[in-house]
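# Structural overview
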Amino acid sequence: MTPAISVQGLKKTYADGYQALDDITLDVQRGEIFALLGPNGAGKTTLISMICGIVKIDTGSVKVFGHDNVHDYRQARSYIGLVPQELTTDAFETVWKTVSFSRELFGKSSNPAYIEELLKKLSLWDKKDAQIRTLSGGMKRRVMIAKALSHEPEILFLDEPTAGVDVELRKSMWAQVRQLREMGVTIILTTHYIEEAEEMADRIGVINKGQLIVTEEKKVLMKKLGKKQLIVHLHHPLSVVPESLSAFELGLSKDGQCLVFTYDPAIQNNGVLDFMDALKSNAIGCHDIETHQSSLEDIFVQLIGES
Amino acid sequence: MNYHGILAIYKFEMSRAFRTIGQSIASPVISTVLYFIVFGAAIGSRIEDIDGVSYGAFIVPGLIMLTVLGQSISNASFGIYFPRFTGTIYEILSAPISFFEVAIGYVGAAATKSLVVGIIVLMTAGFFVPLEIQHPVWMAFFLVMTCITFSLLGFIVGIWADGFEKLQLIPLLIITPLTFLGGSFYSIHMLPDFWQKISLLNPVVYLISGFRWSFYESSDVSLGVSVTMILVFLGICMALVAWIFKTGYRLKN
C-alpha cells in the first residue's frame, strides 16, 4: 500500500550554512499516529515545513499518497492539514470567517454545515462570531486545528499542538486526535511532551541534529530499549553491595535502603528468582518489593545522549 | 486552476477593506476636497486656463492618478506583507494554490479597492468642477491598467520589504515625488525645455498624460506612447512577479 508520506534522502542547509536536515528517509503509513521527538533545533519543524511545501527542498523528495510535493503539489498539498507551532492567526477576523477562508483556500467550495459541525466538535461554536484576538490561548489553538481540518484533510500535521495548553485542554485535544485517527486521518505530531507521544503514538521517530536516529513502533521501541528494575526495600541499610551478590546487575540507593536489580523482562531466565534466592541465602531481609518500567522519556534521553 | 482559493484571498482582502470602510473612503475624499479647496478655488482661480481647460478641471485626472497610484501600492504591499509579518503566510504557502493564483487574489483585490477609490475621487471632483470625459472607454482603460500595474508593483514591494519602514520607502520616496513631478498639477509644456526632456524619463508622465487626454483630448505626449508605456510597465512588473514566484524570493527559505 502506498504510504501516506514518503520522504527520501531529504537534506536542508539554510543560507547561513546551518544544516537543519541531513539525509532523512521516512515512511508514514495511512491511519497511524506518528510522533516525531527531538530536542529544540533538532529539525522537526523544518522537516514538517518541507513536507508541507513551506520550505524549499535542497535534495531529496517528498511524496504524499504517491504524489510528489513539488511537481504534483496541488494534489499532494490537498491531502494535508497543518497546525503550526506558533499561534499565527488573523487577529481581527472572526472564527467563522477564518475557518471558512482556509477551506476555500484549499480549493473546496464553501460548506457551512461542515464548518458548523467542526466548530461544534472543537467547542468553538458559541465563539463563531468572535474576533480571534478576543479568544484565550487554548481557544486560538483550537481555531488553528479547525482551520487545518476545514478542508477535510487525510493527513494532519500537529507541530507542538499542546505547547502552553493546560492539562484539561491537553487531554481533550488528545481525545480529539484519537477521534480523528478513528476517522482514518493519518496524524504526524511533534512534541516536547514525551508523555504525549507515549499516550498517543503508534510509532515514534527520534530526530537529533537533523538526523533521524530511530523510527520504531512505540511498543517495540519500549520493549527493545526499555529496562525493568526490581527495587527491594531493605530492613537494614547497606553501605555497599555485598560481594556475594556481585553476579547480579545491582545498584544501591544513596541512603542504602534499597537494592535495585535491573533485568530484561523479555528473557525467560532473567535472574529474578536467583536474585531473590541470593537475598534469602545471604540473610538480607526486606519489607517491600516494587518494579519500575523505564518510560519513553528515559529511552529518549538515552537515545539523544548516545547520538 | 484553484478558483475557490483565488476567490478566498480576494474576499479576505476585500473584507479587510470593509472593516475600515470609513478610513478607506473618507481619507481619499477628504484629501481630494482639500486639494480642490487649495488648488482649485484658492490658487486655481488666479491661474489661467491650460489648453482651454480651467485649472480646477485640469488637475482632476492628475488627482485621481495621484490617489490611485498611492492606494494601489499601499493596498497590495500591505496585503501580502501583513501575512508575512504575522506568520499566517504559512497557510498560503502550504495550500494547493500556485503563486500566480495567489497574485491574482491579492492584486485583484488591491486593484479593485483603488479603482473604487478612484471612482469616488472622480465623483467628488464633480462637486467642485464641471467634468467632461470625452473618451470614457480610454479613461476606464487607463484607470484599470494603472490600478493593476501599480497593485503589481505594490505586491512586489510587499514581498521585498522586510520591515514596515521599507514598506513605506518606495511609496514615499519614489512614487509620490514621481507623481507630483509627473504633471499632476501642471502640463510639462509649462516647464523649461531641459526639464521637459528630463520629465519624459518619469513613467508617471505617460500615465497622467494619457489619462488626461481621455478627459480633455489634451496631452503632454501622444496617446500611443502613453498606451505603450503603461503596457511596458505592466510587462516589467509581471516579469518581476514571475521571477519572485520562480525563485520563491523572500517567501520560501
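Throughout what follows, the structure given in this document is the object of discussion. (Residues numbered from 1 in each chain as written. Chains lettered and ligands numbered in written order. Predicted model: local features only at pLDDT ≥ 70, side-chain atom pairs only at ≥ 80, totals over all residues. Heavy atoms only, no water.)

Before going further, it helps to examine the packing of helix α1 (residues 3–19) of chain B against helix α5 (residues 99–125) of chain B. Residue and element names in this part refer to chain B. The contact between α1 and α5 brings their axes to 8 Å, and the two run at 30 degrees. As the angle between them shows, α1 and α5 are arranged roughly parallel. Handedness of the α1/α5 crossing: right-handed. For the pair α1 and α5, the contacting residues are Ile6, Ile9, Tyr10, Glu13, Met14, Arg16 and Ala17 in the first and Glu101, Val102, Ile104, Gly105, Tyr106, Gly108, Ala109, Thr112 and Lys113 in the second. Among the residues making up the contact of α1 with α5, the classes are represented as nine nonpolar, three polar and four charged. (Axes fitted to C-alpha atoms, helices over the stretch in contact; angles between N-to-C directions. Helix = DSSP H or I, 4+ residues; strand = E, 2+ residues; numbered from the N terminus. Parallel < 35°, antiparallel > 145°, perpendicular 65-115°, else oblique. Left-handed = near helix turned anticlockwise from the far one by under 90°. Contact = heavy atoms within 4.5 Å. Nonpolar A, V, L, I, M, F, W, Y, C, P; charged D, E, K, R; others polar.)

A word on the packing of aromatic side chains. Two numbers describe a pair of aromatic rings. These are the distance of the centres and the angle of the planes. Using the criterion set out here, one finds 26 aromatic pairs over all chains in the structure. Judged by centre distance (5.7 Å) and plane angle (50 degrees), the ring pair of B:Phe215 and B:Tyr216 falls under tilted. For B:Phe215, a relative accessible area of 0% translates into the label buried. Look at B:Tyr216 and you get buried, because its relative accessible area is 7%. Here a set of aromatic residues connected by ring pairs shows up, and it is made of B:Phe78, B:Tyr81, B:Phe82, B:Phe85 and B:Phe164. A:Lys120 extends its terminal NZ or CZ atom over the ring of A:Trp125, reaching a point 5.1 Å from the ring centre. Sitting over the ring of A:Trp125, A:Lys128 keeps its end group 5.1 Å from the ring centre. (Phe/Tyr/Trp six-rings, centres within 6.5 Å; stacked < 30°, edge-to-face > 60°. Buried < 20%, exposed > 50% of the residue type's maximum accessible area, 1.4 Å probe, protein only. Lys NZ or Arg CZ within 6 Å of the ring centre and 35° of its normal.)

With that settled, consider the pattern of salt bridges. The final tally for this structure, using the stated rule, is 16 salt bridges over all chains. Close ionic contact of A:Arg103 with A:Glu152 constitutes a salt bridge, the shortest N to O distance being 2.8 Å. Of this pair, A:Arg103 sits in helix α3 (residues 95–105) while A:Glu152 sits in the loop between α5 (137–149) and β7 (155–159), and the two are 49 residues apart along the sequence. Here A:Arg103 falls in the buried class, since its relative accessible area comes to 5%. Of the residues examined, A:Glu152 reaches a relative accessible area of 36% and is grouped as partly exposed. Put simply, B:Asp162 and B:Lys166 hold a salt bridge, and the shortest N to O gap is 3.5 Å. Linked through salt bridges whose partners overlap, the residues forming this network are B:Glu13, B:Arg16 and B:Lys113. (Salt bridge = Lys/Arg side-chain N within 4 Å of Asp/Glu carboxyl O.)

Residues and elements named next belong to chain A. Reading across the sheet, the four strands line up as β12-β13-β11-β14 and stay open at both edges, with antiparallel pairing between neighbours. Two strands lie at the open edges of the sheet, namely β12 (250–252) and β14 (286–293), each paired on one side alone. Averaged over all adjacent pairs, the angle separating strand axes in this sheet is 20 degrees, with direction ignored. Pairing geometry for strand β11 (residues 228–234) and strand β13 (residues 258–263), over six bridges, is antiparallel. Pairing of Val232 across the sheet is with Leu259, part of β13. (Pairing = 2+ DSSP bridges.)

With that out of the way, let us pick up α3(A). Given 3.6 residues to a turn, an α-helix orients residues that are three or four positions apart in the same direction. Extensive coverage of α3(A) is indicated by the burial of nine of its eleven residues. Buried within α3(A) are the following residues: A:Val95, A:Thr98, A:Val99, A:Ser100, A:Phe101, A:Ser102, A:Arg103, A:Glu104 and A:Leu105. Where α3(A) is buried, its residues contact α4 (112–121) and α5 of chain A together with α1 and α4 (89–94) of chain B. Looking at the residues trailing α3(A), positive phi occurs at A:Gly107, about 85 degrees.

The interface of chain A with chain B comprises 29 residues on the first partner and 26 residues on the second. Between chain A and chain B, a total of about 2,600 Å² is buried, with carbon and sulfur atoms accounting for 57% of that surface. On the chain A side of the interface with chain B, the three residues burying the most area are A:Arg74, A:Phe101 and A:Leu105, jointly 24% of the side's total. At the boundary of chain A with chain B, the tally comes to four salt bridges. Among the salt bridges present, the one from B:Glu91 reaches A:Lys147, with a minimum N-O distance of 3.1 Å. Here chain A is connected to chain B by eleven residue pairs in polar contact (both at pLDDT 80 or more). Of the residues that constitute the side of chain A that touches chain B, the class distribution is twelve nonpolar, seven polar and ten charged. (Buried area = accessible area lost by both parts, 1.4 Å probe. Polar contact = N/O pair within 3.5 Å; in protein donor to acceptor, adjacent residues only side chain to side chain.)

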